[in-house]
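Tertiary structure, described
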Amino acid sequence: MKGTKSFNIPKEVVYAAFKEIKANGGTYGVDEQSIKEYEENLKDNLYKLWNRMSSGTYFPKPVKAVEIPKKSGGTRILGIPTVEDRIAQMVAKIIFEPCVEPMFYKDSYGYRPKKSMKQALEATRQRCWKSDWVLEFDIKGLFDNIRHDYLMKLVEKHAKERWVVLYIERWLKVPFQMKDGTLKQRASGAPQGGVISPVLANLFLHYVFDDFMEKEFPTIQWARYADDGIAHCTTEKQAKYLLTRLQERFEKCGLEINLDKTKIIYCKDSNRKGTYKNISFNFLGYSFKPRKAKTKDGRFFISFLPAISEKASKNIRGKVRNWRLQSKVGKDLQYIAAMYNKEIQGWINHYTHFYKSEAYRVLQYLNQCLIKWVRSKFKKLKSRRRAKHWLGRIAKQNKNLFAHWKYGILPSAGKRGAV
């Protein structure tokens, strides 16, 4: 395609894309240009980008490779595009996403408009009450292993604009720039960290998994959030057969099920008899397993319910521990609250949808660390009892100071039993 060939890309879409990127924030790419620096000459920068995209002469820069630790151990590589390339990808997303979004199934929840983790968790919770068995599966390295040839056929099938096809292909082929400056070519995958990557991953898995399930197993309910999937089966035999079929299906499409993170679970409760090895699974930071529940008339029974997972609880405690609050004796409570409230509120927003008492118990650990801060800061409050009493009084007087205090998770609070 000649560079002089023009495409009809509205200027207002480019500006809208910039506003989205600015709102999302994020770090700089290989050119080390921040959003703030890009904005200093915004009009010219956006015009130049629009002009190059419209003429077909836009070529993305290499993607900055950033290693981040996995919760399960090891590392994964995030690909961070430059600010300009993120804006360009957002332009394509604004145009391309409406072409594919209407065909996606309701139980695909990841990175979609008006879809959320809470919806996926709620659907899974209710279905566990109706079906005895669950197949929990994980796709190994989804964002690293998507086949470019398969994906581009799907993009060409659904994109209404030729420039969208052209630039998506260029983004898929752009190399990683490693920490030492060397370039690493990529033959597969869509960089995790790219603006357009989640839409592409959903498009690929729509055909690989979602549509396959709807056509081959129409009676089995499922939920998928990016590369995490759940399928509800009536028998253990059905779950084993489904796993075999999915292994074959994914392998055919260039993907692989991570068997270390895949298992078949019996949804044990008061009405379900029998002894089985697996009676719990993790999904989106929640652990589904048999838990004590109470009827409206006050009777206790065992139900199969979600609550914050042990892995997520451990992760939160680790982050709070790494804050080293007891060493911040030169700061006051207002400063500490302002510094960490956003992250605390994020935990509350995600982990208190179901069986909130488990999440409250984890957040009590934060209060324990605040008590250590009090004991380090004030000589007269060295004893734990005095420090706890002092902090409890502050919390009652100003419940809005820390995000978790607003929900009654106070230093002087006793055991909470709310489900």
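Details of the structure are given in the entry above.
Residues numbered from 1 in each chain as written. Predicted model: local features only at pLDDT ≥ 70, side-chain atom pairs only at ≥ 80, totals over all residues. Heavy atoms only, no water.

1. Re the sheet that holds strand β8 (residues 263-266)
Neighbouring strands of a sheet are bound in pairs by backbone hydrogen bonds; such pairs are parallel or else antiparallel. Read across the open sheet, the four strands follow the order β6-β7-β3-β8; overall the sheet is antiparallel. In this open sheet, the two edge strands, each paired with only one partner strand, are β6 (221-225) and β8. On average, each strand axis in the sheet is tilted by 20° relative to the strand beside it, whichever way the strands run. Each of β3 (133-138) and β6 touches helix α9 (residues 197-216); the most contacted strand, β6, lies at about 170° to it. Contacting β3, β7 (228-233) and β8, helix α10 (residues 236-252) crosses the sheet at an angle of about 20° to β3. (Pairing = 2+ DSSP bridges. Helix = DSSP H or I, 4+ residues; strand = E, 2+ residues; numbered from the N terminus. Axes fitted to C-alpha atoms, helices over the stretch in contact; angles between N-to-C directions. Contact = heavy atoms within 4.5 Å.)

2. What to know about the sheet that holds strand β4 (residues 176-177)
Here we have four strands laid out as an open sheet, ordered β2-β1-β4-β5, and mixed in their pairing. Each edge of the sheet is formed by a strand with only one pairing partner; in this case those strands are β2 (75-80) and β5 (183-184). Here strand β1 (residues 63-69) runs beside β4; their pairing, made up of two bridges, is parallel. Bridging across to β4, Val63 finds its partner in Phe176.

3. Here we look at the side chain of His350
Assignment of secondary structure puts His350 in helix α12 (residues 333-351). Among the polar contacts listed, one links the side chain of His350 to the backbone oxygen of Leu284, at a separation of 2.8 Å. When near neighbours in sequence (up to four residues on either side) are disregarded, His350 contacts Met117, Leu121, Leu284 and Tyr286. (Polar contact = N/O pair within 3.5 Å; in protein donor to acceptor, adjacent residues only side chain to side chain.)

4. Things to note about the environment of Lys118
Relative to the assigned elements, Lys118 resides in helix α5 (residues 117-130). Judged by its relative accessible area of 44%, Lys118 is partly exposed. Spatially, the C-alpha atoms of Lys118 and Ala16 are 28 Å apart, while their sequence positions differ by 102 residues. Ignoring anything within four residues of it in the chain, the contact list for Lys118 reads His353 and Phe354. (Buried < 20%, exposed > 50% of the residue type's maximum accessible area, 1.4 Å probe, protein only.)

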